There are 2 protein chains.
Amino acid sequence: MKRSLGAKTVLYPAPVLVVGTYDSEGRANIMTAAWGGIACSKPPCVSISLRAATASHGNIMERKAFTISLPGEDNAAQADYAGIVSGRDHDKFEVLGLSAARSDLVDAPYVAEFPLVLECSVVGVHELGLHTQFIGEIADVKADESVLDAEGHIDLALLRPILFATDPGAYYGVGSLVGKAFSMGKGAAG
Amino acid sequence: MKRSLGAKTVLYPAPVLVVGTYDSEGRANIMTAAWGGIACSKPPCVSISLRAATASHGNIMERKAFTISLPGEDNAAQADYAGIVSGRDHDKFEVLGLSAARSDLVDAPYVAEFPLVLECSVVGVHELGLHTQFIGEIADVKADESVLDAEGHIDLALLRPILFATDPGAYYGVGSLVGKAFSMGKGAAG
């Protein structure tokens, strides 16, 4: 039997996306968002949703670009901080002791110390209500050598990505392997 | 030092969204998608991206509604199967021994046996390339009593949601608590 919880934003898992932008004067900013994900395979696109009230929203509207720096478990507190305070009042890179690396592909900075980065140029803007959804075409994905295996593939045990649980709001690590995709289902047909 | 991996759809974690729809003759179908997530808080909206070639895409275009049934770890193989074969050739509910429950709020069915369900009506359609992104306004979230705690909140240890790792394609469970959101970052400022 199912119980109605009402019309609310509950979905597991949500990602932890640290969005990097420049403001009109070239100051680097980051903010953390959980509303987003991959939106298209070809061209490769990601979507992120931000409130118009945020500094990052204005930056993206002006620069038409953003990055996503993905925190590992060790970066979780920094990512959380970047979601609490505004870039209008704080230089979050400086406060957190992080380095803003300039993307050579899009007009936005990323967090040099975070293990995985997506560099994106804006190809769509959708006003949905409280949030504006930005569609970013992925120009490149960059990963720290330290999270790649010998074949150059991302090793999840080294990347140690985190996820956001919407209710209650908390970050979790990735658990045990459940099965291979496009494979474990082949035996599920009754 | 970061290595370029190219323009590809890599992001951790992605969700495992089992999308429920009716076709023009009222037959219930499900397919599994990983490209999506919450897109707006007010009104509460979710986005899912599907290829135009899928049966589900045509169903949503016609019915303007879909559901998302979230699999627990025990449902992972069923969810994977629903992403492998087409609803044009298979009655996936029947093959998997699952029950199609009719939503009383939107024109779409959901998987009665899966622990968490979002019922959505389509409020936006964005052609991004290979994938069409559907914005669904969440009419209700329904959860099995068995995944709720005494206060009626979702208990992750009971829900046991899974996540999709994009590279390599695999499903994982949720790991250990890393910290509370909007809280653990307060001590991160240097």
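Bear in mind the structure is a predicted one, so any value in this text is a computation, not a measurement.

(A) Representation of the overall build of chain A in the model. Each helix and strand counted, chain A has four helices and 13 strands in total. Along the first, second and third principal axes, the C-alpha set of chain A runs to 60 × 45 × 35 Å. Scored against the burial criterion, the 190 residues of chain A give a buried share of 54%. Across chain A, every contact between residues at least 6 apart in sequence was considered, and the portion connecting residues at least 24 apart equals 61%.

(B) Seen up close, helix α2 (residues 76-84) of chain A. Across the nine residues that make up α2 of chain A, a large majority, eight, are buried. Here α2 of chain A has its buried residues at Ala 76, Ala 77, Gln 78, Ala 79, Asp 80, Tyr 81, Ala 82 and Gly 83 of chain A. Buried residues in α2 of chain A make contact with β3 (17-22), β4 (28-33), α3 (92-96), β12 (162-165) and β13 (170-180) of chain A together with β13 (170-180) of chain B.

(C) Examining the pairing of β13 of chain A more closely. As paired elements, β12 of chain A and β13 of chain A share four bridges and run antiparallel to each other. Looking at the pairing, Phe 164 of chain A lines up with Tyr 171 of chain A of β13 of chain A. Sheet topology note: the β13 of chain A/β13 of chain B ladder contains seven bridges and is antiparallel. Following the sheet pairing, Lys 180 of chain A is matched in β13 of chain B by Ala 170 of chain B.

(D) Representation of the sheet that holds β13 of chain A. Taken in spatial order, the six strands of this open sheet run β2(A)-β12(A)-β13(A)-β13(B)-β12(B)-β2(B), and their pairing is antiparallel. The open sheet terminates on both sides in strands that have one partner only, identified here as β2 (14-15) of chain A together with β2 (14-15) of chain B. Strands β12 and β13 of chain A together with β13 of chain B of the sheet are contacted by α2 of chain A, whose axis makes an angle of about 75° with β13 of chain B. Packed onto the sheet, helix α2 (residues 76-84) of chain B meets β13 of chain A together with β12 (162-165) and β13 of chain B and runs at close to 75° relative to β13 of chain A.

(E) Representation of the interface of chain A and chain B in the model. Contacts between the two partners involve 92 residues from chain A, matched on the other side by 92 residues from chain B. By residue number, the principal contributor to the side of chain A that touches chain B is β13 of chain A, which donates 11 residues. A breakdown of the residues in the side of chain A that touches chain B according to their chemical character gives 54 nonpolar, 25 polar and 13 charged. As defined by bridge partners, strand β11 (residues 131-144) of chain A adjoins strand β1 (residues 2-6) of chain B across four bridges and the pair is classed as antiparallel. Opposite Val 141 of chain A, over in β1 of chain B, you have Gly 6 of chain B as the bridge partner.

(F) How the structure looks around the relation of the copies chain A and chain B. Mapping chain A onto chain B is achieved by rotating through 180° and translating by 0.0 Å along the same axis, at an RMSD of 0.0 Å. What the rotation and shift describe, once combined, is the action of a two-fold rotation axis. Among all residues of chain A, the one whose C-alpha sits closest to the rotation axis is Gly 175 of chain A, at a distance of 1.8 Å. Both copies contact each other with a shared surface, as 100% of the interface residues of chain A are interface residues in chain B too.

(G) Broad picture of the confidence of the model for chain A. In this model, chain A carries an average pLDDT of 96, and 100% of its residues clear a pLDDT of 70 or more. This complex was scored by the predictor with a pTM of 0.97 and an ipTM of 0.97.

(H) Fine view of unusual backbone geometry. Residue Pro 43 of chain B is reached from Lys 42 of chain B by a cis peptide bond, and omega for that bond is 0°. Along the chain, Pro 43 of chain B falls in the loop between β5 (36-40) and β6 (45-51). Phi at Lys 64 of chain A takes a positive value of approximately 55°, unusual for a residue other than glycine. Relative to the elements of secondary structure, Lys 64 of chain A occurs in the loop between α1 (55-63) and β7 (65-70). Even without a glycine there, the phi angle at Phe 182 of chain A is positive, about 60°. On the secondary structure map, Phe 182 of chain A appears in the segment after β13. With 13 C-beta atoms counted inside 10 Å, the residue Phe 182 of chain A sits in the partly exposed group.

Parameters at a glance
For every chain, the first residue of its written sequence is number 1, and the numbers climb from 1 along that sequence. For this description, chains carry letters from A and ligands carry numbers from 1, given in the order in which they are written. Local features are withheld for residues below a pLDDT of 70 in this predicted model, meaning they are given only at 70 or higher, and side-chain atom pairs are given and counted only at 80 or more; totals for whole chains, interfaces and linings count all residues. Helix numbering and strand numbering both begin at the N terminus, where a helix is a DSSP run of H or I of at least 4 residues and a strand a DSSP run of E of at least 2. Note on burial: count the other C-beta atoms lying within 10 Å of the residue's C-beta; 20 or more is buried, 12 or fewer is exposed, in between is partly exposed, and C-beta positions come from the backbone. What counts as a contact here is a pair of residues whose C-beta atoms, placed from the backbone, lie within 7 Å. A strand pair is defined by DSSP finding two or more bridges across the two strands. For helices, the fitted line uses only the C-alpha atoms of the stretch in contact; every axis is such a line through C-alpha atoms, and the angle between N-to-C directions lies from 0 to 180 degrees. Here the nonpolar group is Ala, Val, Leu, Ile, Met, Phe, Trp, Tyr, Cys and Pro; Asp, Glu, Lys and Arg are the charged ones; every other residue, Gly included, is treated as polar. Here the copies were fitted onto each other by least squares, based on C-alpha atoms from residues at pLDDT of at least 70 in both. The predictor reports its confidence for every residue as pLDDT, a score running from 0 up to 100.

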